[in-house]
Structures are given as structure tokens and as C-alpha cells.
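Observations on the model geometry
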Amino acid sequence: MVTLAEVAQHAGVSASTVSYVLSGKRSISATTRQRVERSIRELGYHPNAGARALASSKSNIIALMVPLRTDMYVPVMMEIAIAVATCARTHGYDVLLLTGEEGPDAVRRVAGSGLADGMILMDVELDDERLPLLRATDQPSVLIGLPADTTGLTCVDLDFRATGALCVEHLAKQGHQDIAVIGEAPAVYERHTGFAERTLDGLRSRSRELGVRLLHRPCEGGYDAMAVTLARILDERPGTSGIIVQNESAVEPLLALLRQQGRAVPEDVSVVAICPDQVAMQASVRLTSVAIPAQEMGRHAVEHLVAKLEGRGSDDVVLIAPELTVRTSTGPAPSRS
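Residues numbered from 1 in each chain as written. Predicted model: local features only at pLDDT ≥ 70, side-chain atom pairs only at ≥ 80, totals over all residues. Heavy atoms only, no water.

In the annotation of an unreviewed UniProt entry, the entry for the protein reads LacI family transcriptional regulator, and the organism field reads Streptomyces lomondensis.

1. Quick word on the nonpolar core
In this structure, I80, I120, I144 and I244 are the most contacted members of the largest nonpolar core, which totals 47 residues. For this core, the element with the most residues is helix α5 (residues 74–90), which contributes 7 residues. Formed by 26 residues, the second largest nonpolar core is a distinct cluster that contains I182, L215, V265 and A283. (Core = buried A, V, L, I, M, F, W, Y, C linked by side-chain atoms within 4.5 Å. Buried < 20%, exposed > 50% of the residue type's maximum accessible area, 1.4 Å probe, protein only. Helix = DSSP H or I, 4+ residues; strand = E, 2+ residues; numbered from the N terminus.)

2. What to know about the packing of helix α1 (residues 4–11) against helix α2 (residues 15–23)
Remark: α1 packs on α2, axes separated minimally by 8 Å, with the N-to-C direction vectors making an angle of 105°. By the angle class used here, α1 and α2 are roughly perpendicular. Listed contacts from α2 to L4, V7 and A8 of α1 are A15, V18, S19 and L22. (Axes fitted to C-alpha atoms, helices over the stretch in contact; angles between N-to-C directions. Parallel < 35°, antiparallel > 145°, perpendicular 65-115°, else oblique. Contact = heavy atoms within 4.5 Å.)

3. Structural notes on the sheet that holds strand β12 (residues 324–325)
Spatially, 6 strands are ordered β7-β6-β8-β9-β10-β12 in an open sheet, and the strand pairing comes out mixed. At either end of the open sheet lies a strand with only one pairing partner, and these are β7 (213–218) and β12. Sheet analysis places strand β6 (residues 178–183) next to β7, joined by 6 bridges and oriented parallel. What sits directly across from V181, in β7, is H216. (Pairing = 2+ DSSP bridges.)

4. Details of helix α11 (residues 223–236)
When the terminal C-alpha atoms of α11 are compared, their 20 Å separation across 14 residues agrees well with the 20 Å that a helix rising 1.5 Å per residue should span. By the burial criterion, the buried members of α11 are M226, T229, L230, I233 and L234. Across the axial projection of α11, the buried residues extend over an arc of 125°, all falling on one side. Looking at α11, the residues exposed on the side facing more than 90 degrees away from the buried face are D224, V228 and D235. Those residues of α11 that are buried lie in contact with β6, β7, β8 (242–245) and α12 (248–260). (Expected span 1.5 Å × (residues − 1). Arc of directions from axis to C-beta.)

5. Comments concerning the pattern of salt bridges
Overall, the coordinates contain 18 salt bridges when judged by the stated rule. For R191, the salt bridge is made with D71, and the minimal N-O distance between the two is 2.8 Å. Of the two residues, R191 is situated in the loop between α9 (186–190) and α10 (194–210) and D71 in the loop between β1 (61–65) and α5; the sequence distance between them amounts to 120 residues. We classify R191 as buried; its relative accessible area is 17%. One salt bridge in this structure joins R232 and E236, with 3.9 Å as the shortest N-O distance. Separated by 4 residues within a single helix, R232 and E236 lie in helix α11, roughly one turn from each other. Given the relative accessible area of 43%, R232 is considered partly exposed. Taking relative accessible area as the criterion, E236 reaches 37% and is therefore assigned partly exposed. Salt bridges sharing partners connect three or more residues here, namely R69, D71, D123, E125 and R191. (Salt bridge = Lys/Arg side-chain N within 4 Å of Asp/Glu carboxyl O.)

6. Topic: unusual backbone geometry
Here the bond from V265 into P266 is cis, since omega is 10°, no more than 30 degrees from zero. Relative to the helices and strands, P266 is located in the loop between α12 and β9 (270–274). With a phi close to 55°, N60 is a non-glycine residue in the positive phi region. Looking at where N60 falls in the secondary structure, it is placed in the loop between α4 (49–56) and β1.

7. So, the domain arrangement of the protein
Considered domain by domain, the protein is made up of domain 1 (4–47), domain 2 (61–158 + 294–320) and domain 3 (160–291). Placing a centre on the C-alpha atoms of domain 1 and another on those of domain 2 gives a separation of 34 Å. (Domains from an automatic or database assignment.)

8. Side note on the packing of aromatic side chains
One pass over the structure, following the stated rule, counts 1 aromatic pair. Between F160 and F195, the ring centres sit 5.5 Å apart and the planes meet at 55°, which makes this aromatic pair tilted. Here F195 lies in helix α10 and F160 lies in helix α8 (residues 160–173), a separation of 35 residues in the sequence. The residues F160 and F195 share a single accessibility class, namely buried. (Phe/Tyr/Trp six-rings, centres within 6.5 Å; stacked < 30°, edge-to-face > 60°.)

9. Remarks on α8
Because each turn of an α-helix spans 3.6 residues, side chains separated by three or four positions end up pointing in the same direction. Over its 14 residues, α8 runs 20 Å from end to end, which matches the ideal 20 Å to within 8%, given 1.5 Å per residue. N-cap assignment for α8: the residue whose side-chain oxygen lies 3.4 Å from the backbone N of R161 is D159. With its phi angle positive at about 95°, G175 sits one or two positions after the end of α8. (Polar contact = N/O pair within 3.5 Å; in protein donor to acceptor, adjacent residues only side chain to side chain.)

10. Details of the environment of G92
Structurally, the position occupied by G92 is in the loop between α5 and β2 (94–98). Remark: the alpha-carbon pair of G92 and V306, spanning 214 residues in sequence, is separated by 9.8 Å.

11. Considerations on the environment of R161
Structurally, R161 can be placed in helix α8. A residue is classified by how much of its surface remains accessible, and R161, at 42% relative accessible area, is partly exposed. For the pair R161 and S249, spaced 88 residues apart in the sequence, the C-alpha separation amounts to 21 Å. Excluding residues that lie within four positions of it along the chain, R161 makes contacts with R198, T199, D201, G202 and S205. Within polar-contact distance, the side chain of R161 engages the side chain of D201 at 2.7 Å.

Shown next, in the form of C-alpha cells:
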């Protein structure tokens, strides 16, 4: 590995001059700086991360807290995490991924140890127990998700309330009057996870405004759980002609069960999904859907955090407007005989 002393020798300057160029702590003439930077490039020198952190009081690391729970759709979480890591690298930051369900302890550990310059938190609950610590620390942070109270916080998310409303509007325009919602696993609602609660709020509010009957049932996902959930829905509301799914692991079991029961999609039942485009496009019926903008969410979060780290950011809430793509799974409500 190339050392700082070798860079200094190659550039014809002292080791301290190279150090000052790297840290920016002292003014160096443009000619000398360019000579040092050229030597760094030509030799392929990479400063020791620990030494650089000690010298500058910066780690150039962003901590990303993404609890990987069994009741969440991990591919979406990881797509957002990859977007965060990719965007962070373009700004000169690496990402420290924290996947445990540590809650406030993780925030306390990162803030107190200097492990990272800033934090991005995912899987945000309405009354998230990590928030009091975030508000109390000086360390910059951004939430990918929306709590009930956003005071003093920077948040980025899909507008899930508008997403729910958009799904109901689409089915209502097609004449569907009885709509069922197949939601996330029960534990997601028990934790009052922000995205699920806000989607449900949008669904219910818009249904009332449009005079549409709405039935919401959580579902663990998987074939057996979906079979029980669908049976309950059709028993309680036999006239159900529209289904909204916010549970990726329930999508294909639902379509399979509808086929087995002789219910054609969309002739007998229309289905709308809130899911990644890949899930909607690869389903056995191409699903009308509202996509999860994982790349955009990750990019916005990093850009807002970097702005804070550079002293030019402010507390802000960024809600990404939902876009509904119509495919072959929705159509006019069947006529009632």
C-alpha cells in the first residue's frame, strides 16, 4: 500500500504538506495542492480511514438503520438501502448498515461513539421510540418514513396517504362499490408502522368521500394465510369486486386462489397493488399498481443528509407523489344481476 510519505516524496513536498492538503486545515498554494493531488492519483493513494477521522473529526460514514423484520418485504428495504449506499458514495461517504432491532440503543451507540457523521433511519413508526434521542442529539439525521409528529425532523417518503386514496379512486371510477384491502401482516399495524397506517388512512378517507364500502384485513402473506383472509373477505362481503393489495408476499397467492375459484381478473374481480414495479410486472396477471419509488427515496434521503452535514440543510418533509400505472388487472365492475 502507498504511504503518505511516498506521496510526499513523489510530489517533492513534506509529509505535513500532504496531510494539510488532505485535511484542508491549512491554506496551501494552488500549485502545490495540484502537485500533491496529481501524485495521489498517480500513486493510487487512499488515506487511512481511522487516521483521517482522527485528523478531521469526520468519519465520512453514514449510518443506515434498517431493521430486517420477518413481517416486512425485505427486497424493497434492500433496494432503498442500495440506493442510499450508491448515492452516498457519489458524495464521498460510505454506509454503515445496522440491521438489528436495537431501537434507541442503536441511535445512542452511533451518536455517542462517532461511528458515523449522520444517520438515516428506516422502518419508521408513528410514535417511533428512536425519535426523542434523535431530537436530543446534534448529529444530523433523516428519516425514510413519516412519524405522527415531524417537528424538528427531516423526513422523506412516498405519500402513502395519497397512494391509498389514488387506489380507491381508480376502482371507484370503474364502478366498484365493494372494495377489500389485503394489508400487511398484523404485527406491522400493531407497531403502528407509518407507511401502513397512512395508506389505510388514505383508503378509508377517500372511500367515505366517494361512498364506497371498504373492508380491510391484514394478512401474513403466503398461500395458507391468503386463503383464510380471502375466505373471510368473501364471507363478509360477497359482492366484493375490487381488491387492493399492500403486501407483496400475498400477491401471487391471491391471484392463484381467485383462479381456483373461477373468478377471472379483471372480468370478475379487479386487483390493484401497492408494490415495486418488478412484482407488478412479473405477476401471473400484470397488475395495475402504485410503485414504491425506492431509488428516489434513497437519493432524497442522502441528499438532505449531506446538505445538513455541510451546514446548508434544514428540517423538511418531502412527500413523493404516487403514480398509478394501469395494466391488465383492473377493469369495469361486473354488472349485478
